[in-house]
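Take a look at the letters that make up each chain.
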Amino acid sequence: MNKEEQLQKLNTEMSACSKCALRCGASRVVAGSGSADAQIMFIGEAPGKKEDELGVPFVGAAGKFLDEMLASIKLKRQDIYIANVAKCRPPENRDPLPEEIKECWPWLEQQIQIIDPKIIITLGRHSLNRFHPEAKISQTHGVLFEKTFPNMGARYFYALYHPAAALYNGSMREVLKKDFAKIPLILKKIKKEQ
Ligand code: URA
C-alpha cells in the first residue's frame, strides 16, 4: 500500500472511533487533510464548528489566516498535511481535555508514522504540550528542536502560536508571521543535515 492508501485505511478506521465522549457531541471525526507525501505536518488542537460541519481541519477564520501564511511562503494546502491532537469537536469549542488528547494519540501517532514528515509544526500550546509537556509556548515558539519518541523515532519540531489566538492579538500575530516566514529556511537546513 502506498502512503495515500494507508492514510485512507486509517481514516476509515478513525471514522468509527468512539474511544472518548467527544464523539457523542460531534457530527463526525475530522481526521486530517492534505498530502500523504507532505514534508511538513501541521498539528492543531481540535475541530471547531465549521470543521465539524465540513469534516476538514482549519476551514474557519483561523484556517483562512493559516492559508494566507502558507501562501506567503508559497505553499498550498495540497503541499502540506494538517491534523489535530483531538479529532472530534469539543462541546462549546472548549479546549480538549488531557484524557481526550491521550485517547486520540494512537491516531495521530499512526498519521505521523505513515506521512513521515521532515518537520512537525505544532499550532498552539495543546499541540506543543502533547509532544513536550513541559514546554512553554512563549519560550519555545520559532525555535527548531528535536525529540525522540517510541514508535516514531527522532523528529524535528517547530512550535507556532495558534492562528486563532493570533487573529485577535496584534503583537502575537506579528510574532506568528515572523516565525512562519522562517519555515522554508528551517526545512532546507533539516534536508541538508539528512
Ligand atoms: N483550530 C484547530 O486547532 N483546529 C482546527 O481544525 C480548527 C481550529
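Above: the structure in question.
Residues numbered from 1 in each chain as written. Predicted model: local features only at pLDDT ≥ 70, side-chain atom pairs only at ≥ 80, totals over all residues. Heavy atoms only, no water.

> What is the right way to look at the overall build of the protein in this model?
Helix and strand counts for the protein come out as 10 helices and six strands. Compactness check: the protein gives a C-alpha radius of gyration of 16 Å against a globular reference of 16 Å for 194 residues, within 12% of the reference. Seen through its C-alpha atoms, the protein measures out along the principal axes to roughly 40 × 40 × 30 Å. Long-range contacts, defined as pairs at least 24 residues apart, comprise 73% of the intrachain contacts of the protein with a sequence gap of at least 6. Counting every atom, the protein has about 9800 Å² of accessible surface; 52% of that belongs to carbon and sulfur. (Helix = DSSP H or I, 4+ residues; strand = E, 2+ residues; numbered from the N terminus. Rg over C-alpha atoms; globule rule 2.2 N^0.38 Å. Contact = heavy atoms within 4.5 Å. Areas by Shrake-Rupley, 256 points an atom, 1.4 Å probe, with all protein chains shown as cover.)

> Would you mind going over the pattern of salt bridges with me for this structure?
Side chains bearing opposite charge may pair, as long as their charged atoms lie close to each other. Throughout the structure, instances matching the rule amount to seven salt bridges. Salt-bridge contacts for Asp67 lead to Arg77; the nearest nitrogen and oxygen are separated by 2.7 Å. Pair noted here: Asp67 is in helix α4 (residues 61-72) and Arg77 is in the loop between α4 and β3 (81-84), with a separation of 10 residues, a long-range link. Notably, a salt bridge pairs Lys177 with Glu174, separated by 3.9 Å at the nearest N-O pair. One end of the pair is Lys177 and the other is Glu174, both in helix α9 (residues 170-181) and three residues apart, which spans about a single turn. For Lys177, a relative accessible area of 40% corresponds to the partly exposed category. (Salt bridge = Lys/Arg side-chain N within 4 Å of Asp/Glu carboxyl O. Buried < 20%, exposed > 50% of the residue type's maximum accessible area, 1.4 Å probe, protein only.)

> When you look at the site of the ligand in this model, what are you seeing that I'm missing?
The immediate surroundings of the ligand are formed by Gly44, Glu45, Ala46, Pro47, Glu51, Pro57, Phe58, Asn84 and His162. Protein chains shield 91% of the accessible area of the ligand, which is 240 Å² for the free molecule. Tallied by class, residues from the shell around the ligand come to four nonpolar, three polar and two charged. (Near = heavy atom within 4 Å. Nonpolar A, V, L, I, M, F, W, Y, C, P; charged D, E, K, R; others polar.)

> Mind showing me how you'd approach the environment of Cys88 here?
Residue position: Cys88 is located in the loop between β3 and α5 (98-115). Residue classification places Cys88 among the buried residues on the basis of a relative accessible area of 9%. Sequence-wise, Cys88 and Gly32 are 56 residues apart; in three dimensions their C-alpha atoms are separated by 11 Å. The residues contacting Cys88, other than those within four sequence positions of it, are Leu22, Arg23, Ala26, Arg28, Val29, Ala46 and Pro47.

> Please clarify how unusual backbone geometry should be interpreted in this entry.
Residues other than glycine predominantly adopt negative phi, and peptide bonds predominantly adopt the trans conformation. Phi is positive for Lys74, which is not a glycine, with a value near 60°. Relative to the helices and strands, Lys74 resides in the loop between α4 and β3. The exposure class of Lys74 is exposed, given its relative accessible area of 74%. Of note in this structure, Asn93 is not a glycine but carries a positive phi near 60°.

> When you look at the pairing of strand β5 (residues 144-149) in this model, what are you seeing that I'm missing?
Along a regular strand, successive side chains alternate from one face of the sheet to the other. By the bridge criterion, six bridges tie β5 to strand β6 (residues 153-160) in an arrangement that is antiparallel. Looking across to β6, one finds that Glu146 is bridged to Tyr156. In textbook terms, the turn of a hairpin is the stretch between consecutive antiparallel strands, and for β5 and β6 this stretch comprises three residues, one of which, Asn151, has a positive phi near 75°. (Pairing = 2+ DSSP bridges.)

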